[in-house]
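# Examination of the molecular architecture
The residues making up each chain are set out below.
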Amino acid sequence: MPPSPSPLQTLRSQLTAFPRARLVAVSKTRSTERIMDLYLEGQRCFGENHALELRQKASTLPPDIEWHFIGHLQTNKVKIIAPYVHTVHSVDSPRLLDELQKRALQNSRTVQVLLQVHIAQEEHKFGFKVPELMDFLQGLEPAEYPNLQLSGLMGMASLTSQTARIREEFRSLNELFQQIKKLHSDKLHGFEELSMGMSGDYLMALEEGSTLLRVGSLLFEEP
Ligand SMILES: *Cc1c(COP(=O)(O)O)cnc(C)c1O
């Protein structure tokens, strides 16, 4: 009997139906050995949510890994990840954007950033509220951020078992994304990424237009 496919192989075969979508393997709290297992299966894109952990892993693991920061990022932690991070998914304030620009410049790098939008019911979750985001984009001058590439939006659905609600949140995030692209096509170039979907809801996220899945436990935990 052939060996059963790994979770990564299974996910990859599902992704073939969605050619624009890519997988960020969320490796927070996982050991470098476990990350190397996926690396050897060809995975190059990993996501972390603590600055020191990202630095520790990025400075010891192969240099062709693309590191994504997916958690809430405090301004004073930006300098820790600036030499390594490829994409920050969780930009939720102008102040954080300014700090990212400053540190990316100091490191002579370009960093991709996604603006996090608050789409869930839970109040404690992070992200721009929609009117706040629209105001921010209205006043935005991308030329003030020469070392950042504003690449799209990120959102986290509500923690609920009501799948209809989750789908609706993903759908409205995608609608907002399309609306912003249209409204600001003059100044937002390469605004193409929609980061949504985790282990429990990634299939729905794909159907609703996700281009970046952030999947952790499904890849790393024993079934
Ligand atoms: C942990 C985490 C994920 C991955 O969650 P899983 O349910 O393990 O797939 C995705 N996004 C963010 C922001 C996370 O913190």
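Since the model is a prediction, treat every value here as computed from it, not as a measurement.

Criteria and cut-off values
Residues numbered from 1 in each chain as written. Predicted model: local features only at pLDDT ≥ 70, side-chain atom pairs only at ≥ 80, totals over all residues. Heavy atoms only, no water. Buried < 20%, exposed > 50% of the residue type's maximum accessible area, 1.4 Å probe, protein only. Helix = DSSP H or I, 4+ residues; strand = E, 2+ residues; numbered from the N terminus. Pairing = 2+ DSSP bridges. Right-handed = clockwise from strand over helix to strand, strands pointing away. Near = heavy atom within 4 Å. Polar contact = N/O pair within 3.5 Å; in protein donor to acceptor, adjacent residues only side chain to side chain. Areas by Shrake-Rupley, 256 points an atom, 1.4 Å probe, with all protein chains shown as cover. Nonpolar A, V, L, I, M, F, W, Y, C, P; charged D, E, K, R; others polar.

Moving on to the pairing of strand 2 (residues 45-48). Burial along strand 2 is two-sided: Cys45 and Gly47 and Phe46 and Glu48, pointing in opposite directions, are all buried. The pairing of strand 1 (residues 22-26) with strand 2 spans 2 bridges and is classified as parallel. Bridging from a neighbouring strand, Ala25 pairs with Phe46 of strand 2. For the crossover that starts at strand 1, traverses helix 2 (residues 32-40) and ends in the parallel strand 2, the hand is right-handed. Pairing between strand 2 and strand 3 (residues 66-69): 4 bridges, direction parallel. From the neighbouring strand, Gly47 faces strand 3, where its bridge partner is His68. Chirality of the crossover, the property in question, places the unit of strand 2, helix 3 (residues 51-58) and strand 3 among those that are right-handed.

Another aspect to go through is the site of the ligand. Around the ligand, the neighbouring residues are Val26, Lys28, Ile70, Met156, Met198, Ser199, Arg214, Val215, Gly216 and Ser217. Measuring from an oxygen atom of the ligand, one finds a side-chain N or O atom of Lys28 at 2.8 Å. For the ligand, an oxygen atom lies 2.7 Å from a polar atom in the backbone of Gly216. Summarising the interface, the protein chains cover 84% of the accessible area of the ligand, which totals 390 Å² for the free molecule. Here the shell around the ligand is built from residues that sort into 5 nonpolar, 3 polar and 2 charged.

For Thr29, which is not a glycine, the phi torsion comes out positive at approximately 65°. Structurally, Thr29 is set in the loop between strand 1 and helix 2. The class of Thr29 is exposed, set by a relative accessible area of 66%.

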